[in-house]
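# Coordinates in review
Residue strings, one per chain:
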Amino acid sequence: MSIPASRLLEIARADAPAIWVRVEAVRGSAPREPGASMLVHARLDEGTIGGGHLELEAIAQARRMLASGERVAGADFVLGAALGQCCGGAVALSLRRIDRREAAWIEALRPLDREAGTVWLDTRPGAEDAPHTVASSERPADAPHGEPHCAAGAVPHRISRVDGAPWNVWVFGAGHVGEAVVRVLATLPLCATWVDPRENRFPAGLPANVSVLESDSPAHEVAAIPSGADVLVMTHSHGLDFELCLVLLAREALGLVGLIGSETKAASFRARLARRGVGPAALARLQCPIGAAPRGTGARHRLDRHPGAIAVAVGFDLWERRRALVPASGPVALAAPIAGAGR
């Protein structure tokens, strides 16, 4: 989920209405994938569904909904010249008002912030035709299969699939490189946990998807890392780096285990780890150096010296790995759109 359920629930409980704009389905080329979303408030917005005129039109419709009190709507866009975009595909959006009346079904989405899974949202007219949403882990019996479509003459309702595939990244080390890496990672749809044993190392004003952990024993925190998380080791101490690599490689269910350093450091660590009983399969999971320089440039030694360059390279490498591991969401099932939806 581009916008975490915890954020939606925060808005609902505060009863500070916003419109949750979500990409429900895509045909052909489009700026964002199904499931991408943003929040539109009266004077600002957070997140993105891809920018350009598509996003401007969606924001305008969302603000009209905030002003009118409309609760649920949909919009279909062809990304062509008429919209001032040249992607050539088509996008179906849903727009839902988030306020205290919506807290119940948002609660059902919260597990998706932590683990993979699917929740179906079934929205239909309720009392006095006010849309009412029910969240369920079971696919509704009348949800159409295959490509999204509208069923003429059906009872107006909308069925949406919300997929959760949380991406956690833990960064050990709050030095110059660690800070640069965390700030780049914070721009991606992930939850970053930043660990360091030293006092007062973390800057103020970090983004909401970054949590900090000041720990006297960083290696002891490894047990708390969620399965599938990617981990980067870049502390101020080679001794601490080695201790962390030793315990991290003992956990088979983790994703990338990346270590900052040169090829020489990599060879030294692998030899020492092997002497400590770490097997070949586990050693193969250790990536050092981290990040990637452009192929054929011979520039790795230069890139690795600048914190910002390392951060960009690491962010790109993690993103490419994530894309390879997590398939894009399948088509979202749309039944007949709610009254007032469409474009």
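Residues numbered from 1 in each chain as written. Predicted model: local features only at pLDDT ≥ 70, side-chain atom pairs only at ≥ 80, totals over all residues. Heavy atoms only, no water.

### Examining the side chain of D230
Relative to the helices and strands, D230 resides in strand β12 (residues 230-233). As a buried residue without a salt bridge, D230 has its nearest oppositely charged side chain in R322, at a separation of 5.7 Å. Within the structure, the side chain of D230 is placed 2.8 Å from the backbone nitrogen of L256, a separation counted as a polar contact. Discounting residues that sit within four places of it in the chain, D230 has contacts with W167, N168, V169, W170, G255, L256 and L318. (Helix = DSSP H or I, 4+ residues; strand = E, 2+ residues; numbered from the N terminus. Buried < 20%, exposed > 50% of the residue type's maximum accessible area, 1.4 Å probe, protein only. Lys, Arg positive; Asp, Glu negative; His and termini not counted. Salt bridge = Lys/Arg side-chain N within 4 Å of Asp/Glu carboxyl O. Polar contact = N/O pair within 3.5 Å; in protein donor to acceptor, adjacent residues only side chain to side chain. Contact = heavy atoms within 4.5 Å.)

### Side note on the sheet that holds strand β8 (residues 158-164)
Strand order in the open sheet made by the 3 strands is β7-β6-β8, with antiparallel pairing throughout. Whereas interior strands pair on both sides, the edge strands pair on one side only; in this sheet they are β7 (131-136) and β8. Each neighbouring strand pair of the sheet contributes to a mean axis angle of 20 degrees, computed without reference to strand direction. Pairing of strand β6 (residues 117-125) with β7 involves 6 bridges; the strand directions are antiparallel. Within β7, the residue paired with L121 across the bridge is A135. (Pairing = 2+ DSSP bridges. Axes fitted to C-alpha atoms, helices over the stretch in contact; angles between N-to-C directions.)

### With respect to the pattern of salt bridges
Applying the stated rule across the entire model yields 15 salt bridges. Residues R321 and D317 are paired through a salt bridge, measuring 3.4 Å at the closest nitrogen-oxygen approach. Of the two residues, R321 and D317 both sit in helix α9 (residues 307-325), 4 residues apart, roughly one turn of that helix. For R321, a relative accessible area of 36% translates into the label partly exposed. The buried category is assigned to D317, whose relative accessible area is 13%.

### Regarding the pairing of strand β5 (residues 90-98)
β5 sits mainly inside the fold: 8 of its 9 residues count as buried. Pairing geometry for strand β1 (residues 18-27) and β5, over 9 bridges, is antiparallel. Along β5, the bridge assignment pairs V23 with L93.

### Some thoughts on the nonpolar core
In terms of nonpolar packing, the biggest core is built from 27 residues, with F172, I225, L244, L248 and L273 touching the most fellow members. Those elements that provide at least two residues to this core are β9 (168-172), β12, α5 (238-248), β13 (257-259), α6 (263-275) and α7 (280-284). Looking at this core, the element that brings in the most residues is α5, giving 6 residues. Those residues in contact with L273 that lie beyond four places of it in its chain are F242, C245, L246, L249, V278, L283 and L286. Among the nonpolar cores identified, the runner-up in size contains 25 residues, and A192, L256, I260 and A311 belong to it. (Core = buried A, V, L, I, M, F, W, Y, C linked by side-chain atoms within 4.5 Å.)

### With respect to the pairing of strand β2 (residues 37-40)
Sheet faces and side chains relate simply in a regular strand, where the side chains alternate between the two faces. Residues of β2 alternate between two faces, with S37 and L39 on one and M38 and V40 on the opposite face, all of them buried. Note: β2 against strand β3 (residues 45-47), 3 bridges, orientation antiparallel. Bridging across to β3, V40 finds its partner in D45.

### A word on the packing of α5 against α6
Two numbers describe how α5 lies on α6: the axes approach to 11 Å, and their chain directions differ by 55 degrees. Classified by the interaxial angle, the pair formed by α5 and α6 is oblique. Judged by the twist between their axes, the crossing of α5 over α6 is right-handed. Mapping the contact onto sequence places H238, D241, F242, C245 and L246 in α5 and K265, F269, R272 and L273 in α6. Per-class residue counts for the contact of α5 with α6 are 5 nonpolar, 1 polar and 3 charged. (Parallel < 35°, antiparallel > 145°, perpendicular 65-115°, else oblique. Left-handed = near helix turned anticlockwise from the far one by under 90°. Nonpolar A, V, L, I, M, F, W, Y, C, P; charged D, E, K, R; others polar.)

### Some remarks on the side chain of E24
Of note, E24 is situated in strand β1. The class for E24 is buried, based on a relative accessible area of 0%. A polar atom in the side chain of E24 sits 3.1 Å from the side chain of R22. Within polar-contact distance, the side chain of E24 engages the side chain of S94 at 2.5 Å.

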